[in-house]
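# Geometric and topological summary
Here are the chains, one letter per residue:
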Amino acid sequence: MSGTSVSGEPGTEELRGLLLSRIQDVPDYPQPGVMFKDITPLLADAAAFSALTDALAELCVRHRADKVVGLEARGFILAAPAAVRAGIGFVPVRKAGKLPGATLGQAYELEYGTAEIEIHADALEPGDRVLVIDDVLATGGTAEASLQLIRRAGAQVAGVAVLMELGFLDGRRRLLGALDSAPLEALITV
């Protein structure tokens, strides 16, 4: 799925081209053999960042989200302005130990070990429709854990939206069961 710099509507090739033109490939980062997709040039371009924000906000409206969950850390950068533009609340999902007060945690498997994310226990209310926003869908582990947290809080999953899906890592397949028919929207797939 893609969107446009003119209307901000996901689904057009114009936005896809704009966003791709502002994402920089950084070879061998963070380790040899990895081609890192750096979104900081996109964030520094006001027109591109605004078009991206419009597209994500439109997805919030289309999927009738009451709140947006942003995944640490780049997901915060994308999710917060989209939530504001859509007129809904923003809820951060953080690495374990970073949020004060009562939290709900969810452990998940990494390639070499485990990790845990948390959300404030009172951040979501039963019945809230929640759209998860992140910068990249890679293997899908963090997104899958966030969906489990949302449901444990009593909220409904409205979907997952990402700027970029790394199709070769097959994160979409991992998320299919966790989505339970909720949509997965990727503005760009590489």
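Report follows, based on the coordinates. Keep in mind that what you see is a predicted model, and the values were worked out from it rather than measured. (Residues numbered from 1 in each chain as written. Predicted model: local features only at pLDDT ≥ 70, side-chain atom pairs only at ≥ 80, totals over all residues. Heavy atoms only, no water.)

### A word on helix α6 (residues 171–179)
Under the convention used in this document: Exposed residues in this analysis have more than 50% of their type's maximum accessible area, buried residues have under 20%, and partly exposed residues fall in between, with area computed by a 1.4 Å probe over protein chains only. Secondary structure is summarised from DSSP: a helix means a run of H or I of at least four residues, a strand means a run of E of at least two, and numbering begins at the N terminus for each. Working definition: the arc comes from the directions between the helix axis and the C-beta atoms, pointing outward to the latter. Whether two residues are in contact is decided by their heavy atoms: any pair within 4.5 Å suffices.
Taken together, the buried positions of α6 are occupied by Gly171, Leu175, Ala178 and Leu179. The buried side chains of α6 occupy one side of the element, clustering within an arc of 90° when seen end-on. Away from its buried face by more than 90 degrees, α6 exposes Arg173, Leu176 and Gly177. Check the buried side of α6 and you find it contacts β7 (129–137), α5 (141–152), β8 (156–165) and β9 (184–189).

### Some words on α5
In plain terms, the rule: The span one expects for a helix is its residue count, reduced by one, times 1.5 Å.
Helix length check: α5, at twelve residues, gives a terminal C-alpha distance of 17 Å against a target of 16 Å (1.5 Å per residue), a fit within 8%. Along α5, the positions that sit buried rather than exposed are Gly141, Ala143, Glu144, Ala145, Ser146, Leu147, Leu149 and Ile150. Downstream of α5 by a residue or two, Gly154 has a phi angle that is positive, lying close to 90°.

### Observations concerning the packing of helix α1 (residues 13–22) against helix α3 (residues 46–62)
Any two packed helices are characterised by how steeply their axes cross, that is the angle between the axes, and by the distance between the axes. Test applied: Note on method: axes are straight lines fitted to C-alpha atoms, helices fitted across the in-contact stretch only, with angles between N-to-C directions ranging 0 to 180 degrees. Here is the rule for angles: anything less than 35 degrees is roughly parallel, anything more than 145 is roughly antiparallel, 65 through 115 is roughly perpendicular, and the remaining ranges are oblique. Whether a crossing is left-handed or right-handed is set by the direction in which the near helix is turned from the far one by less than a right angle, anticlockwise for left-handed and clockwise for right-handed. The nonpolar class holds Ala, Val, Leu, Ile, Met, Phe, Trp, Tyr, Cys and Pro. Asp, Glu, Lys and Arg form the charged class, and all remaining residues, Gly among them, are polar.
The geometry of α1 relative to α3 is characterised by a closest axis approach of 10 Å and an angle of 130° between their N-to-C directions. In terms of axis orientation, α1 runs oblique to α3. Helix-helix and strand crossings are classified by hand; for α1 and α3 the assignment is left-handed. Together, Leu15, Leu18, Leu19 and Arg22 of α1 and Ala47, Ala48, Ala51, Leu52 and Ala55 of α3 make up the contact between the two elements. A breakdown of the residues in the contact of α1 with α3 according to their chemical character gives eight nonpolar, no polar and one charged.

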